[in-house]
Amino acid sequence: MLIKALCDYADKQSADPDSKKIPEGFAEQDIHYRIILSEDGDLKRIVPFKQIRIIKDKKGKEKSVEVPRKAILPIRTQKSGIDSNFIEHRPLYIFGLNFDKDSFLPDDKTNKARKSHAAFVEHEIEFFDGLGSVACNAYRKFVEKWKPENECENSVLIELGKEYKGAYFGFSIGEESNFLENDEDFIRKYQKYFSEMNETKDDEVKAVCGILGEKAVTARLHDKIKFPGGQASGCQLVCMNDTAFESYGKTQSYNSNVSEEAMKKYTTVFNKLLSDKKHYCILGDMVLLWFAVKNDDSAESSFISCFFGNNSDTETNDKIAKIMEYARSGFTVDKGSIDAILTDKKAVFYIAGLTPNSSRICQKFMYKGNFGDMLNNLIKHQNDMLINEKNIRPMYFGSIAKELISPKSTNDKVSPPLMSAIILAALNNMKYPDSLLATVIRRVKTDSDEENKPYIKLNDTRAGIIKACLNRKYKKEEITMSWNDDNKNPAYLCGGLFAVYEKIQKESSGVNLNRTIKDSYFASACSRPSSVFPKLAKLAQNHMRKLSEGSEIYYNKMIGDVMSSLDGEFPATLGLDDQGRFIVGYYQMNKKLYTSNKSE
């Protein structure tokens, strides 16, 4: 499904008359610097080939950064060993030098620099032989002249310094704008070579493509996908790298029945999407990728990028704020003028959750739906998670993930299966996984409040998650936004009563306590109320003797109202759902106690 969706997306992109179509046999490549050659093939200088991009930091402040520009070069090699490209971009191949301890050296333990440069020289001289244009002649002369062992003190490279190692290079002849890859002689010969290479495929590896539905040459190997953030250096979506995965006498990716044409389509657009922050985000061990199948999906992708917590443009953030305003009022995106915010409600939208490793990509989930329906469900998700009217920001999936991890844990990532289930529940407006509720409750019961990390035990996000899980599970608004006097659930009432007892203790002491009943009894009261609350009731009576007469009357009335609803009995044990009700009851009563007026 993902390969077909990516191919459909590629077709839409290429059909756009305003899009920059990349010729067959070519691909985009990041280039940091341009190597300027004289017509005699001498290295004149190396100049930056970068552009300024405005990004936002974690605090929302804008800053400008330099990023490499794109060049359209012949398709890059996908082999893991030493293998040269046409118009090479990697420094080790071009110069045959390692940069180590501020020095350039041709030798290393594996002799990789010398082997890479030798492969580059052999490959390029063979191909450029016979090409008579000025640019091709200059490039060939450079390849013939350059001797790594004689260039260790080259002033141009020394000036480049440590930037050498992580940079990619392009070639220009005479001046920076005269790109070698644009030379007509080179393009003509390369296109002929690429066409002949494809025509020499053996008929025995032809089959009906499972993506395009036509008989075509089947791809033996699939190009690698480069994931962002160091997730994987290069892996494949289709990969049969062991005989255990093969069948019917077919080897490697001949088992997949994906043609060369379809393979090039999906891998090219896959890598393009993963290089654009508007189309992906990293969530723990998982990379989320999204796109709309249309000519220009920038508006939809920017919108969803915001919902997943990526920084986006001001206009999109304003739209999100407007939609959240409607969500807090209980409206959906179909109400009134909110429709004007949407760009294309009927656009087919895909979201995929992927976990890459060194060899292959694991698809954790795949969502397909209309953009309008999906956005509507995301608004319902935000509304369900909302438990504090004053909290105006969306509850991003990254924020949810953080609340599922212990602050003292060395592993700060949520498992991909759990995160996938949460996202799919939000996208499809379905019940949240039971494991989400269980995880949040465990965190509330076991974590502790710390002065340098306030509200780490119970906060708006954790309480909102519990509220959403319970309401969706029982398909009714059992848990409201604030304390509900009409909610007579025993677990909910016990949570509220615990908050009253804690408030009495704090008010009677008059100072900040090192340890409250919340620190000592919360977890056990949440699980076994009947064994804890009688003790808490005695403590509360002792604490109330230190209060004023008015405060004592006020709290006694509150306790009496709750106890009458409980019929004077506490539940022996509470199951998982009731523990969630206890926690929300505690949270909401706590909010009420600290915001209400005692004189009321």
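To be clear, the structure that these remarks concern was listed above.
Rules used throughout
Residues numbered from 1 in each chain as written. Predicted model: local features only at pLDDT ≥ 70, side-chain atom pairs only at ≥ 80, totals over all residues. Heavy atoms only, no water. 1 Å grid on protein atoms, 1.4 Å probe; cavity = no way out; pocket = protein on both sides within 12 Å on 5 of 7 lines; lining within 4 Å. Points joined across faces, edges and corners; volume = space filled by probe spheres on them. Nonpolar A, V, L, I, M, F, W, Y, C, P; charged D, E, K, R; others polar. Pairing = 2+ DSSP bridges. Helix = DSSP H or I, 4+ residues; strand = E, 2+ residues; numbered from the N terminus. Axes fitted to C-alpha atoms, helices over the stretch in contact; angles between N-to-C directions. Contact = heavy atoms within 4.5 Å. Buried < 20%, exposed > 50% of the residue type's maximum accessible area, 1.4 Å probe, protein only. Core = buried A, V, L, I, M, F, W, Y, C linked by side-chain atoms within 4.5 Å. Phe/Tyr/Trp six-rings, centres within 6.5 Å; stacked < 30°, edge-to-face > 60°. Lys NZ or Arg CZ within 6 Å of the ring centre and 35° of its normal.

Draft legend 1. The arrangement of empty space enclosed by the protein in detail. If you walk through the whole model with that rule in mind, you get two cavities of 30 Å³ or more. Volume-wise, the largest cavity comes out at about 90 Å³. For the largest cavity, the lining is made up of 11 residues, of which Met 385, Leu 386, Asn 391, Arg 393 and Met 395 are closest to its centre. Of the residues contributing to the lining of the largest cavity, the split by class is six nonpolar, three polar and two charged. Taken as a whole, the second largest cavity holds about 40 Å³ of empty space. Forming the boundary of the second largest cavity are Lys 431, Tyr 432, Pro 433, Asp 434, Leu 437, Cys 469 and Lys 473. Looking at the lining of the second largest cavity residue by residue, the class counts come to four nonpolar, no polar and three charged.

Draft legend 2. Structural context of the sheet that holds strand E2 (residues 33-37). Spatial strand order, E3-E2-E8: three strands in an open sheet with mixed pairing. Every other strand in the sheet has two partners, leaving strand E3 (43-48) and strand E8 (169-173) as the edge strands with one partner each. On average, adjacent strands in this sheet sit at an angle of 25° to one another, irrespective of strand direction. The strands touched by helix H4 (residues 134-145) are E2 and E8; relative to E8, the strand with the most contacts, the crossing angle is about 125°.

Draft legend 3. Examining the environment of Ile 351 more closely. With respect to the secondary-structure elements, Ile 351 resides in strand E13 (residues 348-356). The class for Ile 351 is buried, based on a relative accessible area of 0%. In this structure Ile 351 touches Leu 289, Trp 290, Ile 304, Phe 308, Phe 365, Met 366, Tyr 367, Met 374 and Leu 427, once residues within four positions along its chain are discounted.

Draft legend 4. Representation of the nonpolar core in the model. With 87 residues, the main nonpolar core has Ile 351, Phe 397, Ile 423, Leu 436 and Phe 533 as its most contacted residues. The biggest single contributor to this core is helix H15 (residues 490-509), with 10 residues. With residues near it in sequence (within four places) discarded, Phe 533 still touches Cys 494, Leu 497, Phe 498, Tyr 501, Ala 525, Phe 570 and Phe 582. Phe 49, Phe 127, Cys 136 and Cys 152 belong to the second largest nonpolar core, which has 46 residues in total.

Draft legend 5. Representation of the packing of aromatic side chains within the structure. In this structure the tally under the stated criterion is 42 aromatic pairs. Between Phe 86 and Phe 127, the aromatic rings sit 4.6 Å apart at their centres with planes inclined by 65°, giving edge-to-face as the arrangement. Placement of Phe 86 in the loop between strand E5 (62-74) and helix H2 (91-95) and of Phe 127 in helix H3 (residues 112-128) is noted, with a sequence separation of 41 residues between them. The residues Phe 86 and Phe 127 share a single accessibility class, namely buried. In this structure, Arg 34 is placed above the aromatic ring of Phe 179, and the distance from its NZ or CZ to the ring centre is 3.8 Å. Above the ring of Tyr 93, the side-chain terminus of Arg 90 is found at 3.9 Å from the ring centroid.

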